[in-house]
Amino acid sequence: MIKKKILFIFKQPYHWNPDIIDKFSNYFEVESINISEFDKESFSEIVSKINNLIKTKNIEITVFDVDYFKFLNLFFIQEIICKKKILITGDDVENHEMNSITASGCDIVLTHDPLSVLKFREKGFESYHVHFDSGKTPDNYDTKKEIDVLYFGILNSDRNEFLDYIKKQNINLKNVGHISDENRLKDEDLFKLIQKSKIVINFSKTRSDFIRSYTSKNLYKFHYMFKGRLALVGLNGAACVSEYSPGQEILFKKDEVPYFFTKEECVDILKKLLNDEKLLNEYTKKFTTKAHNLFEEKKNILPIYNALQKSNSDKVQLFKLPYWYLRISAKQITVRNISIFKPKVLVSNLNNIFKILKKSNILEKILILIEYLLNIIWYTFKGLLNKKK
């Protein structure tokens, strides 16, 4: 069977990009690019290069990695010429308002969070859960459980408070957390540690000081977010005790992944399981069995593959684009282009702004054009100052 060609447009190189490519390679012939490599190209030039690549290699499906990147918006997606388009998001908890508008240019949405899947489906999108990290399972687990409790992942003050409290309660904790991705363990070493652990602890609060949502910025200190750590733990044969998140409540029962809100609740659960080997084994078996059913590569990707075989898909139609989305998109494209000071870039930039404003009302047109001119002046001035330093 001839595999269809699929192009992943990633924001930048990231540790899970190869895992995603590997998953889809079982069903598709995969190409990938990183937008961060196009540091001297304008918005329109990047679009042109991607369309040339799609045409030259006869690519049928394009996947857009959209979270937090400055111009992978609806207008960028609409400029890309391809039969099928997919939006993929790993941080929809903070970006859902933005993503749900951007996704109207796509046929399918793939999201890391099970709650996010339902949010998109609620709006009429065809949406699927995708596990970002490796879905491969080891041939043999290391049956000797040398570590009582393991933590891996990024560290911050909130997580450190929990981990310090666990240690003070005389629980044998191995902490291999890291401050930045440069210091994270290699996957092979991490998987071996998980296989040697009885329990892995998972935290689910978002890590920033506040939620960076476009429509509710600075209102909430955190959200409880589904973490892919659960999948890695279950696939590698350990039990998991987790901070609460709605996403895991959708997938797991409380006797599969017991959850906590406070550090005291966390310690109570850990002690209960560590002091009762039979109970721990029951939790571990239920959790790992469910994790294999949910996250093994073929089981995770097959529904997505089947959805992409359909000849037609109904895109969600929006009545209109909100003003805040239009002005953000205009600013994203302008800021992207401002450092590339060429006459043709200035002309194409203005053309892009007019495309954004095409269906807006007169007041929105005036406000966004004024802001566009102010951004041109401010970011040009700022760029000149930076060059002098």
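The structure under discussion appears in the preceding block.
Residues numbered from 1 in each chain as written. Predicted model: local features only at pLDDT ≥ 70, side-chain atom pairs only at ≥ 80, totals over all residues. Heavy atoms only, no water.

**Overview of the overall build of the protein**
So, step 1. Within the protein, the secondary structure is distributed over 15 helices and eleven strands.
So, step 2. With respect to the principal axes defined by its C-alpha atoms, the protein has extents near 70 × 55 × 40 Å.
So, step 3. Residues counted as buried form 51% of the 389 residues belonging to the protein.
So, step 4. Summarising the internal contacts of the protein: among those between residues at least 6 apart in sequence, 69% fall at separations of at least 24.
So, step 5. Carbon together with sulfur atoms contributes 54% to the accessible area of the protein, which is approximately 19,700 Å² in total.
So, step 6. The average position of the 62 basic charges and that of the 49 acidic charges among the side chains of the protein differ by 5 Å. (Helix = DSSP H or I, 4+ residues; strand = E, 2+ residues; numbered from the N terminus. Buried < 20%, exposed > 50% of the residue type's maximum accessible area, 1.4 Å probe, protein only. Contact = heavy atoms within 4.5 Å. Areas by Shrake-Rupley, 256 points an atom, 1.4 Å probe, with all protein chains shown as cover. Lys, Arg positive; Asp, Glu negative; His and termini not counted. Charge placed at Lys NZ, Arg CZ, Asp CG, Glu CD.)

**Comments concerning the sheet that holds strand β4 (residues 84-89)**
So, step 1. Strand order in the open sheet made by the six strands is β2-β1-β3-β4-β5-β6, with parallel pairing throughout. Of all the strands in the sheet, the pair left with one neighbour each is β2 (29-34) and β6 (127-129). The average undirected angle you get between the axes of adjacent strands in this sheet is 20°.
So, step 2. Here strand β1 (residues 5-10) pairs with strand β3 (residues 61-65) via four bridges, running parallel. The partner of Ile9 across the bridge, within β3, is Phe64. (Pairing = 2+ DSSP bridges. Axes fitted to C-alpha atoms, helices over the stretch in contact; angles between N-to-C directions.)

**Some thoughts on the nonpolar core**
So, step 1. Counting residues in each nonpolar core, the largest one holds 41 residues, and the members touching the most others are Ile35, Ile50, Phe64 and Phe76.
So, step 2. Among the secondary structure elements, those contributing two or more residues to this core are β1, α2 (43-56), α3 (74-79), α4 (92-102), α13 (323-338), α14 (343-357) and α15 (362-388).
So, step 3. If we ignore the near neighbours within four places in the chain, the residues touching Ile50 are Leu7, Ile9, Ile33, Ile35, Phe76 and Ile80.
So, step 4. Phe191, Val200, Leu230 and Ala238 belong to the second-largest nonpolar core, a separate cluster that totals 23 residues. (Core = buried A, V, L, I, M, F, W, Y, C linked by side-chain atoms within 4.5 Å.)

**A look at the pairing of strand β5 (residues 108-111)**
Each regular strand displays side chains that alternate between the two surfaces of the sheet.
So, step 1. On β5, burial covers both faces: Ile108 and Leu110 on one face and Val109 and Thr111 on the other are all buried.
So, step 2. Handedness of the crossover is the feature at issue here: the chain leaves β4, passes through α4, returns alongside β5, and the resulting connection is right-handed.
So, step 3. With three bridges connecting them, β5 and β6 associate as parallel partners. Within β6, the residue paired with Leu110 across the bridge is Tyr128.
So, step 4. Running through helix α5 (residues 114-122), the crossover from β5 to the neighbouring parallel element β6 is right-handed. (Right-handed = clockwise from strand over helix to strand, strands pointing away.)

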